[in-house]
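# Commentary on secondary and tertiary structure
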Amino acid sequence: MKKAALIIFMLVLGRPYVSGQTVKKVSIDQLEKYIDDSKTPMVINFWATFCKPCVEEMPYFVGNANRRPDVELVFVSLDLPDFYPSKVTDFIKKRNYTKATNFWLNETNADTFCPRIDSSWEGAMPVTLFVSKDKQRKFIGRPMTEGQVSREFDLLSAAKSE
């Protein structure tokens, strides 16, 4: 009986942990390695649940990722530590953004991690990094329109097929 109770207790406690795995916690070192190790073009969008322009442009990225499956979409949440994992994961699941690779950046000093993504990034959101298969980077340090996102996905996809 005690063993069964312990198993049930562990399953109940483990449930939030398992559901929280939709969004993986990463350091800037891990994120850079993930980008460097990729064999496909990537779109890395930095966002937060409390950032209205971020939330508004996310569907543009998802729609284009569905249209261009040869380009990997990565969402990197810059939400506060109190928002991870539950609020960030709930946001992703509610909007069905689970097909993207989802990370939460476990960094607090923007002066340290921003320039590692792009030297011009001063910490504003949303921003997006486009990385071609041959590791050429294009950084967009502002919100994007649906047409702009579509154009950048097309450019990455075309570069891949050359």
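Everything that follows concerns the structure shown earlier in this document.
The structure presented is a predicted model; accordingly, all values stated were derived computationally and were not measured. (Residues numbered from 1 in each chain as written. Predicted model: local features only at pLDDT ≥ 70, side-chain atom pairs only at ≥ 80, totals over all residues. Heavy atoms only, no water.)

### Section: the state of the cysteines
Applying the stated rule across the entire model yields one disulfide. A sulfur-sulfur separation of 2.3 Å characterises the disulfide bridge that pairs cysteine 51 with cysteine 54. The S-S bond linking cysteine 51 to cysteine 54 shows a torsion near 75 degrees; that makes this disulfide right-handed. (Disulfide = S-S within 2.5 Å.)

### A word on the nonpolar core
One finds Val43, Trp47, Phe61, Leu73 and Phe75 to be the most contacted residues of the largest nonpolar core, which totals 27 residues. Put simply, the parts of the chain that give this core at least two residues each are strand S2 (42–47), helix H3 (52–67), strand S3 (72–77), helix H4 (86–94) and helix H6 (146–161). A per-element tally of this core places H3 first, with five residues. If we ignore the near neighbours within four places in the chain, the residues touching valine 43 are Phe61, Val71, Glu72, Leu73, Val74, Thr128, Leu129, Phe130, Phe153 and Leu156. Ranked by size, the runner-up nonpolar core spans 20 residues in total, among them Val26, Met42, Phe113 and Phe139. (Core = buried A, V, L, I, M, F, W, Y, C linked by side-chain atoms within 4.5 Å. Buried < 20%, exposed > 50% of the residue type's maximum accessible area, 1.4 Å probe, protein only. Helix = DSSP H or I, 4+ residues; strand = E, 2+ residues; numbered from the N terminus. Contact = heavy atoms within 4.5 Å.)

### Focus: the sheet that holds strand S6 (residues 137–140)
Judged by pairing direction, the sheet is mixed, and its six strands sit side by side in the order S1-S4-S3-S2-S5-S6 without closing on themselves. Edge positions in the open sheet fall to strand S1 (24–26) and S6, since each of these has one partner strand only. Each strand axis lies, on average, 25 degrees off the axis of its neighbour in the sheet, ignoring direction. Bridging between S2 and S3 involves six bridges; their strand directions are parallel. Along S3, the bridge assignment pairs isoleucine 44 with valine 74. Here helix H2 (residues 28–37) sits on the sheet and contacts S1, S2, S3, strand S4 (101–105), strand S5 (127–131) and S6; the angle it forms with S4, its principal contact strand, is near 150 degrees. Of the strands in this sheet, S2, S4, S5 and S6 touch helix H5 (residues 110–117), which is tilted by about 130 degrees from S6. (Pairing = 2+ DSSP bridges. Axes fitted to C-alpha atoms, helices over the stretch in contact; angles between N-to-C directions.)

### Observations regarding the pattern of salt bridges
Pairing between side chains becomes possible if they bear opposite charge and their charged atoms approach one another. Following the criterion strictly, the structure yields eight salt bridges and no others. Close ionic contact of aspartate 29 with arginine 116 constitutes a salt bridge, the shortest N to O distance being 2.3 Å. Of this pair, aspartate 29 sits in helix H2 while arginine 116 sits in helix H5, placing them 87 residues apart in sequence. According to the relative accessible area criterion, aspartate 29 is partly exposed, its value standing at 48%. Ionic pairing is found between aspartate 37 and lysine 33, a salt bridge with its closest N-O pair at 2.6 Å. (Salt bridge = Lys/Arg side-chain N within 4 Å of Asp/Glu carboxyl O.)

Spatial relationships are all this shows, so hold off on functional conclusions.
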